[in-house]
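Each chain is listed here by its residues.
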Amino acid sequence: MIRVENLVRKFGPTVAVKGITFTVKDGEIYGLLGPNGSGKSTTMKILAGIIPPSEGEVTINGIDVSKNPLGVKMIVGYVPETPVLYESLTPVEFFNFIGSVRGIPEEALQERVETFIKAFGIERYLGEMIGSLSFGTRQKISLISSMLHDPEVLILDEAMNGLDPKSARILRELLLQFREEGRSVVFSTHVLALAETMCDRVGVIYNGELIAEGTPEELKEFAHEESLEDVFLKLTESQEEVVGIVQALREAL
Amino acid sequence: MWPIVKILYRELHYRRLKSNPGIAADPGKLGEQLKNAGDIKRGMALQSFAFLFFGIMMAGSIAGAEDETRASVMFATYALLPFIMALYTTTVNASYAVSMGIFEPLKPLPIRTGSKYLSLLLAIDNVPAVIALLPAVIVMTAEYGLPGFLGLLWILTGTFLGHVLGLIVFTFFGSASVGGRLSKLRTLARTMGIILFISMFYALNYFQEYVRKHYEELLPFFAKYSMAYPFSVASITEPLSSLLLLLSYLTVLIPLYLFILRKLWGRMDEVRGSHAKTVSFKAETHSPLLALLLKDLRIAFRKSALLVGLIFPLFIILPSAYNILVSGPVRKWAIVSVLFMMAWVTSISIDTVLKIDGKAFELLQTLPITVGQFIRGKLLVMNVIPVTAAVGLVLAVSYLNPGEIILLPVAIVLPLLTSSVAMAFFYWNERELSVPETNFGHVMILMILNGMALGTVFALWYFFGYAYALTVATLGLFLVQGAISR
């Protein structure tokens, strides 16, 4: 279970996250939605124990991220929005490095890597250097490495980026399986149709504040809109702006 | 061209500072630090000021030389500094700049030879070393006239030489490659190639000695001057010959530089050859510390430009070690001095080991790695080559004189001590994983600190004996280790 209470994150005078509060229950997929620069990635990095909060309290399965970020990193799997990997290592070396640092027993590592590389179809790239692989393949490696230690909580920042339809489907199934096993998943995406079908609950962040929260159905009802995309545009005050921009573009081009 | 270089310089330092959580979290602090580190003029002025301190010391010793010949020989020795710095900064920083991805935005633009920006960006870092030699040039000019001016030309040529050689190393060995048939053998060959490449100036000098001994009448020019830099700088006492030699250098270097610039742009990728055959996954886990060490060594051996930074201590002490082994009866203090020298230069490689991760440092921040594990991992990487070399030297000497085996512990303890001091210097009170800003100015301060530590150990050895010095060095090592343990 993830508990976020009055989370504030400041970068000098800039307040990126302004007193956010939400909870992600065990066995729940929680979608964090928001326009670029709204504070989603900062929130997710705090949840993953990568950066500390300036104020407020965040606990992941009872572990306080401020007091024990290392403990949080042990149980969390985190995928950043762009894969950050050692490009001159091969996937084999990289997975072994991650396995070693995370203290995964060899047998379990062998089994998990074999399962994931088959699932994502990257067997033929295992001996190549990561830097020579396509963005999508690197994203798959990043995803696999985040799940090798069988994390209790998954935090995925735009994890669907660059994935082919088959891999995106596999990831979706994996996340649903995670939910069935009672684990928590937080993920951000700009593909709102995906969030609508996958998330049990959704939080909309705008300018560092959580401006709406609920199931996709509740949000649609609340905003009197038919799709989550319309809800999102309405809540982030972008609906009229988008219409105006599209009109201006048509005229200009 | 200059505006682009300014942007690249600022971008490189910005990304470096951003990887330090303590700075990245505070835009005010980041901006303040970036004002110094990211501004070329300010950065150069600060570093040059630090270097001038050494420059004045060098100029002082030249002023005190008895005659022109001695002054020129001394000047030639100092001329090694800009050459080494240019070679080092070019190879290591080229690899680092590329791995930080600062050239990616330039690639889609219609730029024919983008590598000239890289070249200029790297050349900027060599300015302080050239400035450090200016006081010596002024003294030489004031005392002896034209040789001083020629000395300046030689220093600029030496810096250019180091820069071109660095670019060659980066172009042909810089990008990582793996896989294919005999890939391990190729990695070994590349490593050996680099060692031979950067050692070739010593080799040239030894070759010349050979020529001098055997063909003195036939080759008077060889007998008088060494053609290899920096020994060639001593020729400034005979201006015409020196100028001719200098022009010969430039005749080779300028076309070589232009050729390399053309080659370089196409090769500025993190990863090049990856001729992998299909492999299956085999789990092989280690302790986190060993995993960090293996990861760094793999990257350094694949991106050979980084390897140059790691083997630098070896490059500096190689001639002295060679002399000990070939000069007949083993003199204990000669070996001891090499061991101290090796330990002293070990800390230089901190700059390289902290650059190995590049942008992937962000990945480390997501993993359950403590600051202590990170520091110890980097310490091991710093020590692999110097400790192996020092132990190898002691074992080789012990083969000739078995009694010298007692030097084995000190061959291990001293490099560990100086590298621990280096880590303590950069990570004092640091509670988060971070990459501190390291430039040659910092490394110089570090060299002074380690010089003091080693000087103390050496004095104890000289006055009270080996056992006492070893005990104090070991205690010092534990003390510093305690200070950086988290």
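Residues numbered from 1 in each chain as written. Chains lettered and ligands numbered in written order. Predicted model: local features only at pLDDT ≥ 70, side-chain atom pairs only at ≥ 80, totals over all residues. Heavy atoms only, no water.

1. Observations regarding helix α8 (residues 216–223) of chain A
Residues and elements named next belong to chain A.
Consideration 1: Those residues of α8 that sit buried are Pro216, Leu219, Lys220 and Ala223. All buried residues of α8 project into a common sector of 100° when viewed along the axis, lining one side. Exposed and oriented more than 90 degrees from the buried face of α8 are Glu217, Glu221 and Phe222.
Consideration 2: Buried residues along α8 sit against α7 (192–198), β9 (201–206), β10 (209–214) and α9 (228–235).
Consideration 3: Phi turns positive, to about 50°, at His224, one or two residues after α8. (Buried < 20%, exposed > 50% of the residue type's maximum accessible area, 1.4 Å probe, protein only. Helix = DSSP H or I, 4+ residues; strand = E, 2+ residues; numbered from the N terminus. Arc of directions from axis to C-beta. Contact = heavy atoms within 4.5 Å.)

2. Regarding the environment of Ile117(A)
Consideration 1: With respect to the helices and strands, the residue Ile117(A) is situated in helix α4 (residues 106–120).
Consideration 2: Accessibility expressed as a relative area gives 5% for Ile117(A), which makes it buried.
Consideration 3: With 24 residues separating them along the chain, Ile117(A) and Ile141(A) place their C-alpha atoms 8.5 Å apart.
Consideration 4: In this structure Ile117(A) touches Phe95(A), Ile122(A), Glu123(A), Leu126(A), Ile144(A) and Phe281(B), once residues within four positions along its chain are discounted.

3. Focus: the sheet that holds strand β1 (residues 2–11) of chain A
Residues and elements named next belong to chain A.
Consideration 1: Across the sheet, which stays open at both edges, the four strands sit in the order β2-β1-β4-β5 with antiparallel pairing between neighbours. Where the open sheet ends on each side, the last strands, each with one partner, are β2 (14–24) and β5 (63–64).
Consideration 2: Bridge count for β1 against β2 is eight bridges, and the pairing is antiparallel. In the strand pairing of β2, Arg3 is matched with Thr23.
Consideration 3: Docked against the sheet, helix α1 (residues 40–47) engages β1, β2 and β4 (55–60), running at close to 120° with respect to β1. (Pairing = 2+ DSSP bridges. Axes fitted to C-alpha atoms, helices over the stretch in contact; angles between N-to-C directions.)

4. So, a nonpolar patch on the surface
All names here are of chain B.
Consideration 1: Taken together, the side chains of Phe53, Met57, Ile445, Ile448, Leu449 and Met452 define a hydrophobic patch exposed on the protein surface, amounting to about 580 Å² of accessible area.
Consideration 2: Sorting the residues of the nonpolar patch by element identifies α4 (40–63) and α21 (440–464) as the ones contributing at least two each.
Consideration 3: Ranked by the residues each element gives to the nonpolar patch, the list is headed by α21, at four residues.
Consideration 4: On the secondary structure map, Met57 appears in helix α4. (Patch = residues over 30% accessible without salt bridge, like charges linked within 9 Å, V, L, I, M, F, W, Y side chains within 5 Å. Areas by Shrake-Rupley, 256 points an atom, 1.4 Å probe, with all protein chains shown as cover. Salt bridge = Lys/Arg side-chain N within 4 Å of Asp/Glu carboxyl O.)

5. What to know about the nonpolar core
Consideration 1: Counting residues in hydrophobic clusters, the biggest one holds 202 residues, and the most contacted among them are Phe95(A), Phe97(A), Phe75(B), Phe103(B) and Leu364(B).
Consideration 2: The dominant element in this core, judged by the number of residues it contributes, is helix α19 (residues 371–400) of chain B, at 13 residues.
Consideration 3: The contacts of Phe97(A), once residues within four sequence positions are left out, are Tyr86(A), Ala291(B), Leu292(B), Lys295(B), Leu363(B), Leu364(B) and Leu367(B).
Consideration 4: The next biggest cluster of nonpolar side chains, apart from the first, holds 27 residues, and it includes Val4(A), Ile46(A), Leu47(A) and Ile50(A). (Core = buried A, V, L, I, M, F, W, Y, C linked by side-chain atoms within 4.5 Å.)

6. A look at the confidence of the model for chain B
Residue and element names in this part refer to chain B.
Consideration 1: With 84% of its residues at a pLDDT of 70 or more, chain B has an overall mean of 81.
Consideration 2: Averaged pLDDT values for the elements of chain B fall to 47 in helix α11 (residues 220–224) and rise to 93 in helix α20 (residues 408–427).
Consideration 3: This stretch, residues 215–223, has a pLDDT under 50; its non-local contacts, to residues over four places away or in other chains, come to nine contacts.
Consideration 4: What the predictor reports for the complex is a pTM of 0.76 with an ipTM of 0.87. (pLDDT = per-residue confidence, 0-100.)

7. Let's talk about the sheet that holds strand β6 (residues 76–79) of chain A
Residues and elements named next belong to chain A.
Consideration 1: An order of β6-β7-β8-β3-β9-β10 is seen for the six strands of this open sheet, with the pairing classed as mixed. Lying at the two open borders of the sheet, with one neighbouring strand each, are β6 and β10. This sheet shows a mean twist of 15° between the axes of neighbouring strands, independent of strand direction.
Consideration 2: Of the pairings in the sheet, the one linking β9 to β10 comprises five bridges and is antiparallel in character. Paired with Val202 across the two strands is Gly214, which belongs to β10.
Consideration 3: Packed onto the sheet, helix α5 (residues 135–147) meets β6 and β7 (153–157) and runs at close to 170° relative to β6.
Consideration 4: Contacting β9 and β10, α8 crosses the sheet at an angle of about 110° to β10.

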